[in-house]
Amino acid sequence: NNHNSINSNNSNNQQSSPNFPLSLRKAAHSLKQGTLSLQDDEILGAYLLTLLKHEKKRSRANSNVRCAHCKTTDTPQWRKGWKADNAKGYAALCNACGLKYAKNQFCPFCYFIYYQGEDNFTKADWLSCSTCSRWVHAECESKNLGSQPNRNNYSCPDCRSLALPLPLPLPFTN
């Protein structure tokens, strides 16, 4: 008779918490009784880590941070972008856009982030730096220079700022 009451309790427990596996319910019971074994501890630890992982994903999804380039709100890691115009710090970038930004894969004038090998590049829209191969919007560079840039031997703003004057030739001595 006592055996039947234990079985009925187990079936009631199983019905009241159908989402939890039996091993987790047993581990929780051991924790309540103060008889937690190493195996029970590992089961509860794995369960809690899973809960934390899902909570972290949920809080990221509910975040009001939005990528300054692609406008996503879901990313495994937020990265720092360019200095924001509104003096509130730096633009927030999602992981993908932030990695491209860190590799200088963006127009230095309008901050448009591009992907290497992107199919929608047209030669009329972009300039390629002959020194570092960085792409710059032709329109942005024209506005910056006040004239049309030389497409055949173009240097991006970063390479132009690093360009050193050529050294003077040494005088010929005998």
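Residues numbered from 1 in each chain as written. Predicted model: local features only at pLDDT ≥ 70, side-chain atom pairs only at ≥ 80, totals over all residues. Heavy atoms only, no water.

**Examining the pattern of salt bridges**
Here comes step 1: A full pass over the atoms with the stated rule returns three salt bridges.
Here comes step 2: One salt bridge connects Lys 143 with Glu 139, and the closest N-O pair in it is separated by 3.4 Å. With Lys 143 and Glu 139 both in helix H5 (residues 138-145) and four residues apart, this pair spans about one turn of that helix. Summarising the burial analysis for this pair, Lys 143 and Glu 139 share the class exposed.
Here comes step 3: When the shortest N-O distance is used, the salt bridge between Arg 160 and Glu 141 registers 3.1 Å. Here Glu 141 lies in helix H5 and Arg 160 lies in helix H6 (residues 157-162), a separation of 19 residues in the sequence.
Here comes step 4: For Arg 160, a relative accessible area of 32% puts it in the partly exposed group.
Here comes step 5: By relative accessible area, which is 0% here, Glu 141 ends up buried. (Salt bridge = Lys/Arg side-chain N within 4 Å of Asp/Glu carboxyl O. Helix = DSSP H or I, 4+ residues; strand = E, 2+ residues; numbered from the N terminus. Buried < 20%, exposed > 50% of the residue type's maximum accessible area, 1.4 Å probe, protein only.)

**Description of the packing of aromatic side chains**
Here comes step 1: With the rule as written, the count across this model stands at seven aromatic pairs.
Here comes step 2: Look at Tyr 114 and Trp 126: their rings are 5.5 Å apart centre to centre, the planes differ by 70°, and that puts the pair in the edge-to-face class. Residue Tyr 114 is found in the loop between helix H4 (95-102) and strand S3 (126-128), and its partner Trp 126 is found in strand S3; the two are separated by 12 residues along the sequence.
Here comes step 3: Residue Tyr 114 is classed as buried on the basis of its relative accessible area of 2%. (Phe/Tyr/Trp six-rings, centres within 6.5 Å; stacked < 30°, edge-to-face > 60°.)

**Considerations on the confidence of the model for the chain**
Here comes step 1: Per-residue pLDDT for the chain has a mean of 74; in total, 64% of the residues score no lower than 70.
Here comes step 2: In the model of the chain, helix H1 (residues 2-16) stands out as the element of lowest mean pLDDT, 42, in contrast to H4, which has the highest, 92.
Here comes step 3: Predicted confidence for residues 1-18 stays below pLDDT 50, and this span has four contacts to residues more than four positions away or in other chains. (pLDDT = per-residue confidence, 0-100. Contact = heavy atoms within 4.5 Å.)

**Quick word on the state of the cysteines**
Here comes step 1: A full pass over the atoms with the stated rule returns zero disulfides.
Here comes step 2: The structure places no disulfide on Cys 67, whose sulfur is separated from the nearest cysteine sulfur, that of Cys 70, by 3.7 Å.
Here comes step 3: You can see Cys 94 has no disulfide; the closest cysteine sulfur is in Cys 97, sitting 3.6 Å from it.
Here comes step 4: Classification of Cys 94 by relative accessible area gives buried; the value is 5%. (Disulfide = S-S within 2.5 Å.)

**So, the nonpolar core**
Note that soluble globular proteins tend to have their nonpolar side chains buried in a common cluster.
Here comes step 1: With 11 residues, the main nonpolar core is built from Cys 107, Tyr 114, Trp 126, Leu 127, Cys 129, Val 136, Ala 138, Cys 140, Tyr 154, Cys 156 and Cys 159.
Here comes step 2: Every element with two or more residues in this core is listed here: S3 and H5.
Here comes step 3: Membership of the second largest hydrophobic core comes to nine residues, among which are Cys 67, Leu 93, Cys 97 and Ile 113. (Core = buried A, V, L, I, M, F, W, Y, C linked by side-chain atoms within 4.5 Å.)

**Topic: H4**
Here comes step 1: Taken residue by residue, H4 has Asn 95, Cys 97, Gly 98 and Tyr 101 as its buried positions. Down the axis of H4, the sector holding all buried residues measures 160°, keeping them to one side.
Here comes step 2: Tucked into the core, H4 has its buried residues touching strand S1 (79-83) and strand S2 (90-93).
Here comes step 3: One or two positions beyond H4, positive phi appears at Asn 104, with a value near 60°. (Arc of directions from axis to C-beta.)

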